[in-house]
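Chain residues, written in single-letter form:
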Amino acid sequence: MADTEKQKAEIKISGMTCATCAVNIEESLAGLKDVTKAQVNFGTDTAHVEYNPAKVSLTTLEKAVKSAGYDVVNRQVTIKVGGMMCATCVETIETALKELPGIVSATVNLGTEKAYVMYNPSLSGIDDMKKAIGEAGYQYFGISGEVSEEAEKIARDKDLHDKFVRFTIGFAVSIPLMLAMWLPLPISMQQLGYVMLVIATPVFAFVAYPIFRAAWISLSHRMLSMDVMYAMGTGVAFVSSVLGTFGIVLTHEFMFYDTAIMLAAFLMLGRYLEGRAKGRTSEAIKKLAGLRVRTAIVIRDGIEVELPVEDVVVGDQVLVKPGAKVPVDGEVVAGESYVNESMITGEPVPPLRTPGSRVVGGTLNTNSVLTVKATKVGKETVLAQIIRMVEDAQGSKPPVQRIADIAVTYFIPAVLIIAAFTFIVWFFLLGSTLLFALTALISILVVACPCALGLATPTAVTVGVGRGAQMGILIRNGEALEVTGKVTTVIFDKTGTLTKGRPEVTDLIPVGISEETLISFAASVEKNSQHPLAQAVVRTAERWAVNIEPAEQFDTFGGRGVAATVLSEIVLVGNRAFLEEKGVAIPGGLDGRITVLEQEGKTAVLVAAGGQMAGVIAIADTLKDTTKDAITQFKKMGVRIVMITGDNRRTADAIARQIGIDRVIAEVLPRDKEAEVKKLQAQGDVVAFVGDGINDAPALAQADVGIAIGSGTDVAIESGDIVLMNDDLLDAVAAVQLSKKVMGRIKGNIFWAFAYNAALIPVAAGVLYPSFGITFSPELAALAMAASSVTVVTLSLLLTKYIPDAKKGR
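Remember, it's a predicted structure, so these values are computed and weren't measured experimentally.

Asker: Sorry if this is basic, but what is going on with the environment of Gly-512 here?
Answerer: With respect to the secondary-structure elements, Gly-512 resides in the loop between β20 (499–510) and α17 (515–526). Overall, the relative accessible area of 84% leaves Gly-512 in the exposed class. For Gly-512 and Gln-612, which are 100 residues apart along the polypeptide, the C-alpha to C-alpha distance reads 9.8 Å.

Asker: Is there a simple way to explain the sheet that holds strand β3 (residues 46–51) in this structure?
Answerer: Think of a sheet as strands paired side by side through backbone hydrogen bonds, with each pair either parallel or antiparallel. In space, the 4 strands of this open sheet follow the order β2-β3-β1-β4, with antiparallel pairing throughout. Each edge of the open sheet is held by one strand with a lone partner, namely β2 (35–41) and β4 (71–73). On average, each strand axis in the sheet is inclined to that of its neighbour by 35°, with strand direction left out of account. Strand direction decides the pairing type here: β2 and β3, joined by 6 bridges, are antiparallel. Bridge pairing in β3 places Gln-39 opposite His-48.

Asker: I would appreciate a short explanation of a nonpolar patch on the surface in the present structure.
Answerer: Where nonpolar side chains cluster on the molecular surface, the patch consists of Ile-175, Leu-179, Leu-183, Leu-185, Ile-187, Val-195, Val-198 and Ile-199 and spans about 670 Å² of accessible area. Mapped onto the nonpolar patch, the elements with two or more residues apiece are α5 (149–182) and α6 (189–220). Top contributing element to the nonpolar patch by residue count: α6, with 3 residues. With respect to the secondary-structure elements, Val-195 resides in helix α6. What makes Val-195 partly exposed here is its relative accessible area of 40%.

Asker: Mind showing me how you'd approach helix α21 (residues 627–636) here?
Answerer: Residues lying three or four places apart along an α-helix face the same way, a consequence of the helix completing one turn every 3.6 residues. Taken as a whole, α21 has its buried residues at Thr-627, Ala-630, Ile-631 and Phe-634. Projected onto a plane normal to the axis of α21, the buried residues spread over an arc of 95° and lie on a single side. In this structure, the buried side of α21 is in contact with β19 (489–493), α16 (494–498), β25 (612–623), β26 (640–644), α22 (649–659) and α25 (730–765). Once α21 finishes, Gly-638 follows within two positions and takes phi at roughly 80°, a positive value.

Asker: Would you mind showing me how to read empty space enclosed by the protein here?
Answerer: Any empty space left between atoms is shown by rolling a water-sized probe over those atoms. Under the counting rule described, the total for this entry stands at 2 cavities of 30 Å³ or more. Together, Met-85, Gly-270, Arg-271, Glu-274, Cys-451, Met-785, Ala-786 and Ser-789 line the largest cavity. Listed by contribution, the elements that provide at least two residues to the lining of the largest cavity are α8 (257–281) and α27 (778–797). Residue classes in the lining of the largest cavity are distributed as 4 nonpolar, 2 polar and 2 charged. The calculated volume of the second largest cavity comes to roughly 30 Å³. Lining the second largest cavity are Ala-136, Gly-137, Tyr-138, Ala-214, Ile-217 and Ser-218. The residue inventory of the lining of the second largest cavity, partitioned by class, reads 4 nonpolar, 2 polar and no charged.

Asker: Looking at this structure, I do not really get the sheet that holds strand β22 (residues 561–566). What am I missing?
Answerer: Across the sheet, 6 strands lie side by side as β20-β25-β24-β23-β22-β21; this open sheet has antiparallel pairing. Strands at the two margins of the open sheet, each flanked by one partner only, are β20 and β21 (551–556). Going from strand to strand, the sheet's axes swing by 20° on average, the running direction of each strand aside. Both β20 and β25 contribute to a ladder of 8 bridges, which runs antiparallel. Its bridge partner lying in β25, Asp-507 is registered against Ala-618. Sheet strands touched by helix α20 (residues 588–599): β20, β24 (603–609) and β25. Its angle to β25, the strand with the most contacts, is close to 10°.

Procedures and definitions
- Residues numbered from 1 in each chain as written.
- Predicted model: local features only at pLDDT ≥ 70, side-chain atom pairs only at ≥ 80, totals over all residues.
- Heavy atoms only, no water.
- Helix = DSSP H or I, 4+ residues; strand = E, 2+ residues; numbered from the N terminus.
- Buried < 20%, exposed > 50% of the residue type's maximum accessible area, 1.4 Å probe, protein only.
- Pairing = 2+ DSSP bridges.
- Axes fitted to C-alpha atoms, helices over the stretch in contact; angles between N-to-C directions.
- Patch = residues over 30% accessible without salt bridge, like charges linked within 9 Å, V, L, I, M, F, W, Y side chains within 5 Å.
- Areas by Shrake-Rupley, 256 points an atom, 1.4 Å probe, with all protein chains shown as cover.
- Salt bridge = Lys/Arg side-chain N within 4 Å of Asp/Glu carboxyl O.
- Arc of directions from axis to C-beta.
- Contact = heavy atoms within 4.5 Å.
- 1 Å grid on protein atoms, 1.4 Å probe; cavity = no way out; pocket = protein on both sides within 12 Å on 5 of 7 lines; lining within 4 Å.
- Points joined across faces, edges and corners; volume = space filled by probe spheres on them.
- Nonpolar A, V, L, I, M, F, W, Y, C, P; charged D, E, K, R; others polar.

The following block contains the structure:
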C-alpha cells in the first residue's frame, strides 16, 4: 500500500486502568485488516492508528476499541448554518459533513438552522467543516455559544432583508407587467415583448439569483434539491417568454415574463416568512443563553474586583448585589436574600438563601447582598448544562422523523417524473395546447414541496423542548419525547419521590399533659441522638418554639429507646417493648390507638416521665403536597401506577392506600429495582421510572423513560431521559402531557405536509380540468407552496403557549 493511501488518526480513549488495557486495545485495533500500525499510550489515554481510509472507516476503529471493553471520547460541536430552505438542504449539508474524514455523526436541524457534529479532531477540524458547508452552498455562521446573540441577529436580519428586497422588487415589477398583458396599449405585441424583455431580464436575474445559485451548487454535488425544481420551473417560464418574444418555436402567447418574476418573488416571500417564523422557534434557548452573566465582582485580597465571568475560578468569593444576577454556581458564605430561580426551575416563589445554601448562575438576587463561594464555573454550571442539554435535544431526531426522511429521499425524483409525465400526457396523448401542457409542468415543479415535511418534526421538537425547559422540564432527546408520549406504566420510587424523604411528626397523643409539654420532654432527650426519628422530634420542637431543656445522664438502649433526666424527672423515649421493660404501664385505650397508627405505616414513639405514661408521638415519612394530585391525573390519563420501595409490606401498603396506588412492590433492595422494571417491560408495558436520580440510576437507565425528579437547582442534570428541576410530582405528569402534545403536533404537521402535496400536485397536473375546468396557475402554485411551510412552522409555534393540564391553575 502506498504511503499516500495511509491516514493517521489519534483516538481518545476512556476506561483504561493499567498498561494491560493499552495492550488489549492495541491487539483489537491491529487485528483489523488494513490497519498497519496501532499504538496506545496509557499515560495520555490515546491510540495512534495508521490505516487505509478507503477500506477502514473511523467507525470501524471505534467499534474495535469498544469491543475491547473501552469507550471512545469524541468532540462535539454545534454549528450555526445559514441558507437552508428545505429538507433536501439538510441532506446536502449532512452528506457534505459526513464526507469529511473523522466525522462520527452529523445531524442538521432545519428548524434551528444548526448542525450538530461529533468528530475526531485529529482528522478534521472546524475549518474543514466551515469549508465543507461553504462548498455545499450554505453560510457558516460560527460555533453556537461563541457567536454573540447580537452577531447572530445581525446575520439573520441581513438575510431576511435581502429576501424582503428581492420579493418586493419582484412584485413591484411583475404586477405592472401582468397588467400590461391585459390592458390595451398603443404598441404591438412584438414591441411589448421587447420592452418586457428589457425590463424583466435584470429583475428576474436579481430576484431568482439565490434560487439558481443554490440549484447549481446542488447539481455540482450531484444532488437534487428543491432549488433545482424551482430553477426549472421559473427557468422554463422565462426561457419560454424569450423564445415567444423572438418567435423561435413559440409564439407571443408564451410571453409570461410576469409569471417568471412573480414565481421567483413568491418563492422569496415564502422563504422570508418561513425565516421569520423559524427564528421564533429558538426563543426558549435564546432566553436561557440571555441569562448568562458577563462580569462578576470577585473579592481578592479583601478588594472587590470586577472581572469577566470567564476569569472566575472555583474557590473565588463573589459578591452579588441586590438586583444582580448570580454569575456562577456556588454556596452562600455570607448574607441572606431571596433569590428568584424561576428562569431555571419554573418555580415562581423565590426561596430564601442563607449561609450554606446553594445558588446557581443566571438566577436573580432580589433584596440583599450575598457573598457566594464559587463551586462550578464555565461549562460546569447548571445553566450551561441546561443549555447544552436543550440544544442537544433540539438537534436530535425522534424515530417518527424517519418517515419524513424516507419520503424526502424519493420526493424530488418522483415529482420530476410526474411533471414530465403530465407534460407528455397533455401535449402528446390528449392533444392539448403546448401552453396548457407547459403551464401544468411549471405548476407541478413549483407547488411540490418537501419543505413542510422537512420542517414538521424539527420545529415541533425545538419549540416543545424549549417550552419544557421554561417549565423546569428538561427533555434529553427526541426519542425520549416520543417514547414518553407512549408510556403505559409509571413506576414511582417511594422514598424521596412520593414522600419527602425524611421523617416528620404526624400525630401527638398526650396523656395528662399538653402537646407542647410532650414535645418538650421528648425533644430534650432526643437532641442528644442522631437517629432520623429523634431529629424529626427536635425539628418539631424548634418549629413550635417550645423549651428544650438540658438533659443529664443520657443513655441509649440497643435501638429500643433512650433515657435521660430532664427537670429532675427520668424521661424515657422508645418503643412499646422498651417502656414495658422499664415498668411503664400502657393504658388499654392508648394501646389500641398505637395499633391504628402502626397500621397506617407510622412509627409510634412512646414517651414516659417519672414512671408514668406521658404520650405517644407518631412519626412517618410524609407524602409530598402534590403526590395525590399527580397520581389522580396519571390515572385519568389511563396510565398504570406502580410503587416500588425497600420498606416492609405493611408500611408500603399504608402509603399506597393514602394515595390510591393499587400495585405495590415492597421490600426491594436498590440494586433489584432494575429487575422489577425488566419484568414489567417483558409484559409489553412501556415503562417510565420516576426517581431521585441518586439511588435509582440502574432503574432509570433500564426504563423506557427515566424521569429524574430533582430538588430545585440541586438536580443532577445527567441523571435521566427527562429531568425535573422541581421537587414536584405534577411536573412528571406535565412532562408526559407535553410529550403527548408535541408528538400529536408532529404527526399533525406530517399529515398536513403529506396531504398538501397529495392534494395539490394532482390539481396542478390538471386532473380536475376535464370535469370541472379547474387549473392551477403557476403563481397560485408558488403561493400555496409558501403557505404550506409557513403553516407547519406556525402550528409548531403554537406550542410556545401550551400549558399542560397539570400546570394549569398553579
